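Letter by letter, the chains look like this.
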Amino acid sequence: MAAVQVAGSVPCRQLREAPQEATPERDNGFRRLSARLCALRPDDSSSARTEIHLLFDQLISENYTEGSCVAPEDVSALLVQACQLVPLNQNHLVSKVSQLIHHLLNRLQVIVDEQHLDFLLAYTISAIHQCSSWTYMEILQALAALVYCNGSKCQKYLPELLGKTGLLLKLSDSAQSDPEVRRAAVHCMANLCLSVPGQPYLEEPYQNICFQAFLTILQSPKSSDMDDITFCMLLQNALKGIQSLLNGGRMKLTQTDELGALLAVLKKSMFHGLPGLNIEMPTVLYPTPLPQYDGRTAVKPQQSESSTSRPTLNKKKKSKVKPKKIQQGEEEEEKESSGEIEAAPVTGTGRVNLHEGNTWCSSSLGVQSLPLDGSGAAGKDGVSSPFSSSSWKRVSSSESDYSDAEGGMQSKMRSYQAKVRQGALVCFLSTIKSIEKKVLYGYWSAFIPDTPELGSPQSVSLMTLTLKDPSPKTRACALQVLSAILEGSKQFLSVAEDTSDHRRAFTPFSVMIASSIRELHRCLLLALVAESSSQTLTQIIKCLANLVSNAPYNRLKLSLLTKVWNQIKPYIRHKDVNVRVSSLTLLGAIVSTHAPLPEVQLLLQQPCSSGLSNSNSATPHLSPPDWWKKVPAGPSLEETSVSSPKGSSEPCWLIRLCISTVILPKEDSCSGSDAGSAAGSTYEPSPMRLEAFSNLPNDRQILCITVLLGLNDSKNRLVKAATSRALGVYVLFPCLRQDVIFVADTANAILMSLEDKSLNVRAKAAWSLGNLTDTLIVNMETPDPSFQEEFSGLLLLKMLRSAIEASKDKDKVKSNAVRALGNLLHFLQPSHIEKPTFAEIIEESIQALISTVLTEAAMKVRWNACYAMGNVFKNPALPLGTAPWTSQAYNALTSVVTSCKNFKVRIRSAAALSIPGKREQYGSVDQYARIWNALVTALQKSEDTTDFLEFKYCASLRTQICQALIHLLSLASASDLPCIKETLELNGNMVQSYIVQFLKSGAEGEDTGAPPSLQERDQMVRMALKHMGNVQAPTGDTARRAIMGLLEEILAGCFDSSGSQGALPGLTNQ
């Protein structure tokens, strides 16, 4: 008897043809096993069950690699067929098919499509109800893989999963006896909360249910039956769940108790498993200017043989043997705990040695040393672990902790504890982005250190992690959180003051904030000289730059900036390019402090070697100190040299440094590792490239194009990325951009690269797609219409679809994808728009732009989206004003122009609002009124910003808004006048003063191209006046005549005060 019966028809869909590029044996293995599985039908015999077991084992053990090229729909169909073969009363088979679901979806990175998801969810939920409890772990793992990025498609199953008696709530409860099942259930909930851009979010009631469940887990202590690693994984899943809820942007922490409870558990989790530290937190943190109680159990440090030795940073001096040995061991310990391989320490000392012998650091920086635990005694970071003694360092490699079972578990546990701390910090970062800064600063003292009183321990803060955590990744996370808190804190920190010693019975709030700023400087400088990881070093310097940009140094005692200045100067020649760039950024922040400080002037007058060749042990000794003086001699340098401050014998060294960085060849200013990245930063084709290509013989030009198009199929992603970028440059060449065939071939190659798995390739392809669509616009503006007529409509459709998908990608891809969408919608001809196939894709494209304008993405992305929306408005063939998306597009732009914190984005949105050339394109009277009111509000708020760097764009923003308002006036109809009258009655003086300023001011066009000249502005107002004079109010409607008179008075006043001559049209009608 045959083991398995064969069905008459294949129950699962036919598998696709294998791509030619796939590895034959690997792809054929999956196809062969899939075909065998699809040929089976349910059979309850033992031989059939054995056959199914073997097939599942083979599918799980198959070697799936990136080159397997298994289609996601094939995987989904296979899993459905596998579940159909397994009845729910077969516990072992249910467990095995659950393992198969989990393994295939995770290994092949497949997100199940909606067609198959419904069946698989129903199957797994039924399995939990009917199968034995020992199968729950595998079933929940399968369920977590199924719902990953599919939360919006699971709506009908949410009551059963997250309702009052929901499966996941019951299995994640603390009463659950199996800790692994509890962890898996929490993992499922976290995956359900994961939001995908462009898809609906989890409904608010279920968001609150999940949030409370995650919060309860983080607040609960570890149960006795749960091991440390499982507990760490449970905490990680709960933190990921909360992070997903906050990142979705839909959940707002408005209740003080809710926010306080979350911040309390985040602070507790931030220090989870940190060696030598065990804190107890209150259930809720409340806003208060004073540090709140955090009880700490101080771990008594063990004194090692090196505790009395003083480490030396100067690389010219030889360290003693014993400290060097212990330092090496500590570096090894740090590598094990973080799971990362560290670069050679810049400072010449390990992280723990910094705290053991920090007398050198305090003496060199002129600051008080940092106590690390409750007793104030200096101790090791890893003092709580069995490896804190030095004896373990003497074992051979075969007896090391990696080969020893107990040591391996200890190392693994440290790694998981570090991941919990990192998860808490990332979740804290999402929390910061989801609440207002004025709310966040109520909790300043809970996370930012304050100068401790003499003999008392320092409060536990983010700087504790930065200085003590053995994992460089965790230290970098803590610094990112601190930077996010400091960003935009200028207004909050402006109250700080300690220029005079206060002798009062209480400490003023201004003095407390000043003390906190001083302590931040001290701790960050300590971290700077102790850090050995280049990535973390970059974050420290960026954090210092954020602090310098926001601190009110004119209200603080001198020397803070001097210490930062002297400590950062050696790092401008660091081997890592990111460290060098961030160091220059920090120096720039010091120089551009808002008040011209005498301290900064003195620093600029120092000779270039000051602070570099000294014997200060806290500063890495780098020679030669005058490396930037090696600039090619010649009159060009002398002409570009800027005079030094009065009294100095040589030009300012910082100016010479900046000039030399620009002038020197790449080999002198960049290390070899940077050359590739530096070469890839030049995006615009230079005239030299244009001339070189156009001078090539025709056959050589064809050869270059052929080679590039061929290399676009390369399996090497670096080659493919470079090819995509090169095609983006070629398509801008005038000699090629009018060649329809070349542009079409380039478009097809770029669209193929946009689907690559590598983010770098997709980013380059998106940039090239933006360039290609720029070419379409240039060709459209030429007198010859042949290019538009010959360009394929099907290819346009394909480009629009790809750009829509790319607009959902990462910011690096999205910024250029929306640029391409705007250009494509601008390029569409009436013949395209009339076709039914284009109607849906146009709607989707505009919705993608609207969502990008409104999303909390990078400002570059939002700027490009507003720019693209303006391009859409330039196409007269689109039904702007009558289409359903009109109001959504205008509402998105008006929201940005009134509330976006970045002024350049506001300027671009105001420019987009002034593009439509007909009154009908602005839609209904209500829509016109909303746009008008939004622009007046934006004009009123044009100076409201907490970011000092945005002030320089205020004038440009007002210019653009005034231009948009005058444009709207020149198109207004009689029915629009009541709204205009109402606004001008409230804000007429403000609008009039800014329009007068607009007419009298010079050019401010930093963001929108060349601004209109004074004559053009004069003409714009005259045209608006003429239009107003021609608007006929209904008979007897005095209100409308009044608003016309009011507008003409305002505009006439503008002419009088700006000195314009000539008759004012429209005034004669009065």
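Each chain has its residues counted from 1, following the order in which its sequence is written. With the structure being a predicted model, the display of local features is reserved for residues of pLDDT at least 70 and the display and counting of side-chain atom pairs for 80 or more, all residues being used for whole-chain, interface and lining totals. Processing note: side-chain calculations cover all non-hydrogen atoms of the structure and skip hydrogens and water entirely.

### Describing the overall build of the protein chain
When you go through the protein chain residue by residue, the secondary structure sums to 49 helices and 2 strands. Classification of residues uses two cut-offs on accessible area relative to the type maximum, computed with a 1.4 Å probe and protein chains only: under 20% is buried, over 50% is exposed, and between them is partly exposed. Going through the 1070 residues of the protein chain one by one, you find that 53% of them count as buried. Whether two residues are in contact is decided by their heavy atoms, any of which lying within 4.5 Å being enough. Sequence separation of at least 24 residues holds for 74% of the intrachain contacts in the protein chain that already meet a minimum separation of 6. Entry remark: accessible area of the protein chain is about 47,700 Å², with carbon and sulfur atoms responsible for 53%. Strands here mean DSSP runs of E at least two residues long; helices mean DSSP runs of H or I at least four residues long; both are numbered from the N terminus. Methods summary: accessible areas were calculated by the Shrake-Rupley approach with a probe of 1.4 Å, and residue burial reflects only the protein chains presented.

### A word on the packing of helix α35 (residues 740–753) against helix α36 (residues 759–780)
The geometry of α35 relative to α36 is characterised by a closest axis approach of 8 Å and an angle of 150 degrees between their N-to-C directions. Put simply, α35 runs roughly antiparallel to α36. As for how α35 packs across α36, the hand of that crossing is left-handed. Touching Val 743, Thr 746, Ala 747, Ile 750, Leu 751 and Ser 753 of α35 are Val 761, Arg 762, Ala 765, Ser 768, Leu 769, Leu 772 and Leu 776, all from α36. Classification convention: Asp, Glu, Lys, Arg as charged; Ala, Val, Leu, Ile, Met, Phe, Trp, Tyr, Cys, Pro as nonpolar; all other residues, Gly among them, as polar. Classifying every residue of the contact of α35 with α36 by side-chain character gives 9 nonpolar, 3 polar and 1 charged. Axes, fitted as lines to C-alpha atoms, cover a helix only where it is in contact. Angles between the N-to-C directions of the axes lie from 0 to 180 degrees. Orientation labels follow simple angle bins: below 35 degrees gives roughly parallel, above 145 gives roughly antiparallel, 65 to 115 gives roughly perpendicular, and whatever is left gives oblique. By convention the crossing between two helices is left-handed if the near helix lies anticlockwise of the far one by an angle smaller than a right angle, and right-handed if it lies clockwise.

### Remarks on the pattern of salt bridges
The rule for a salt bridge is simple: a side-chain nitrogen of Lys or Arg has to be within 4 Å of a carboxyl oxygen of Asp or Glu. One pass over the structure, following the stated rule, counts 17 salt bridges. Note that Arg 421 and Asp 469 form a salt bridge whose closest N and O atoms lie 2.5 Å from each other. Of this pair, Arg 421 sits in helix α16 (residues 405–434) while Asp 469 sits in the loop between α19 (462–468) and α20 (472–486); the two residues are 48 residues apart in sequence, bridging distant segments of the chain. Comparing Arg 421 with Asp 469 shows no difference in burial state: the two are buried. Note that Glu 436 is salt-bridged to Lys 438, the shortest N-O span being 3.6 Å. Salt bridges here are not isolated pairs; linked through shared partners, they connect Arg 717, Lys 720 and Asp 756.

### Points about helix α45 (residues 925–940)
Taking 1.5 Å per residue, 16 residues should reach 22 Å; α45 reaches 23 Å between its end C-alpha atoms and fits that length. What α45 keeps buried is the set Gln 927, Tyr 928, Ala 929, Ile 931, Trp 932, Ala 934, Leu 935, Val 936, Ala 938 and Leu 939. Here the buried face of α45 lies against α43 (885–899), α44 (903–913), α46 (954–969) and α47 (977–1000). Multiply 1.5 Å by the residue count of a helix minus one, and that product is the helix's expected span.

### Considering the nonpolar core
By size, the foremost hydrophobic cluster in this structure holds 175 residues, and its most contacted members are Leu 140, Leu 168, Phe 214, Trp 444 and Ile 485. With residues near it in sequence (within four places) discarded, Leu 168 still touches Leu 140, Leu 143, Leu 161, Leu 162, Ala 185, Cys 188, Met 189 and Leu 192. For this analysis, a nonpolar core means a set of buried residues of the types Ala, Val, Leu, Ile, Met, Phe, Trp, Tyr and Cys, connected via side-chain atoms within 4.5 Å. One finds Phe 742, Ala 820, Ile 907 and Val 936 within the second-largest nonpolar core, a separate group that totals 118 residues.

### Description of helix α39 (residues 811–827)
With 17 residues, α39 should reach 24 Å at 1.5 Å per residue; the first-to-last C-alpha distance of 24 Å fits that figure. Within α39, 15 of the 17 residues are buried, which leaves the element mostly enclosed by the surrounding structure.

### A word on a nonpolar patch on the surface
Each patch groups residues whose relative accessible area exceeds 30% and which form no salt bridge, using 9 Å between like charges and 5 Å between nonpolar side chains of Val, Leu, Ile, Met, Phe, Trp and Tyr. On the surface, a nonpolar cluster with roughly 250 Å² of combined accessible area is contributed by Leu 703, Val 707 and Leu 711. Mapped onto the elements, Val 707 comes out in helix α32 (residues 698–711).

### Some words on the packing of aromatic side chains
Think of it this way: a Phe, Tyr or Trp ring, Trp meaning its six-membered ring, pairs with another when their centres are within 6.5 Å, and the plane angle makes it stacked under 30 degrees, edge-to-face over 60, tilted otherwise. Counted according to the given criterion, the structure contains 13 aromatic pairs. Between Trp 444 and Phe 492, the aromatic rings sit 5.2 Å apart at their centres with planes inclined by 55 degrees, giving tilted as the arrangement. Here Phe 492 lies in helix α21 (residues 490–493) and Trp 444 lies in helix α18 (residues 444–447), a separation of 48 residues in the sequence. For Trp 444, a relative accessible area of 7% puts it in the buried group. Their ring planes at 25 degrees and their centres at 5.7 Å tell us that Phe 787 and Phe 791 sit as a pair that is stacked. We note that Phe 787, like Phe 791, is buried. Sitting above the plane of the Phe 447 ring, Lys 267 keeps its charged end 5.9 Å from the centroid. The side chain of Lys 419 reaches across the aromatic face of Tyr 416, ending 5.3 Å from its centre. Both a distance and an angle decide whether a charge sits over a ring: NZ of Lys or CZ of Arg must be within 6 Å of the ring centre and within 35 degrees of the ring normal.

### Thoughts on unusual backbone geometry
The phi torsion at Gln 109 lies on the positive side, around 55 degrees, for a residue other than glycine. Judged by relative accessible area, which is 67%, Gln 109 ranks as exposed. Even without being a glycine, Ser 559 presents a positive backbone phi close to 95 degrees. Position of Ser 559 relative to the elements: it lies in the loop between α23 (534–550) and α24 (560–568). Judged by its relative accessible area of 31%, Ser 559 falls in the partly exposed class.

### Thoughts on the side chain of Thr 983
Take Thr 983: it is sitting in helix α47. Taking relative accessible area as the criterion, Thr 983 reaches 8% and is therefore assigned buried. Aside from chain neighbours lying at most four places away, what touches Thr 983 is Trp 932, Asn 933, Val 936 and Gly 988.

### Observations concerning the confidence of the model for the protein chain
The pLDDT averaged across the protein chain works out to 76; a share of 72% of its residues lies at or above 70. Note that residues 13–26 has pLDDT below 50 and, in this model, 24 contacts with residues that lie over four places away or in other chains. Each residue carries a pLDDT score, the predictor's confidence in it, ranging from 0 to 100.

### Let's talk about the state of the cysteines
What makes a disulfide is a covalent bond joining the sulfur atoms belonging to two cysteines. Disulfide: a pair of cysteine sulfur atoms within 2.5 Å of each other. Inspection of the entire model under this criterion finds 0 disulfides. Free cysteine: Cys 900, not disulfide-bonded; nearest cysteine sulfur from Cys 866 at 7.5 Å.

### Structural notes on the environment of Arg 182
As for its placement among the helices and strands, Arg 182 is situated in helix α9 (residues 179–193). Sequence spacing of Arg 182 and Leu 169 is 13 residues, and the spatial spacing of their C-alpha atoms is 9.4 Å. Beyond its immediate sequence surroundings of up to four residues, Arg 182 is in contact with Leu 171, Ser 172, Asp 173, Ser 174, Gln 176, Ile 217, Met 226 and Leu 234. Definition of a polar contact: a pair of N or O atoms within 3.5 Å, with one able to donate and the other able to accept a hydrogen when the atoms are protein atoms, and with sequence-neighbouring residues admitted only if both atoms are side-chain atoms. Polar side-chain contacts of Arg 182 include one of 3.1 Å to the backbone oxygen of Ser 172.

### Topic: the environment of Ser 851
Note on placement: Ser 851 falls in helix α41 (residues 836–854). Measuring from C-alpha to C-alpha, the distance between Ser 851 and Ser 807 comes to 9.6 Å, with 44 residues separating the pair along the chain. Polar side-chain contacts of Ser 851 include one of 2.9 Å to the backbone oxygen of Ala 848.

### Some points on the packing of α20 against α23
The geometry of α20 relative to α23 is characterised by a closest axis approach of 9 Å and an angle of 15 degrees between their N-to-C directions. One finds that α20 runs roughly parallel with respect to α23. Viewed along their axes, α20 and α23 form a crossing whose handedness is left-handed. Between α20 and α23, the residues in contact are Pro 472, Arg 475, Ala 476, Leu 479, Gln 480, Leu 482, Ser 483 and Leu 486 and Thr 536, Gln 539, Ile 540, Lys 542, Cys 543, Asn 546, Leu 547 and Asn 550, respectively. The residue inventory of the contact of α20 with α23, partitioned by class, reads 8 nonpolar, 6 polar and 2 charged.

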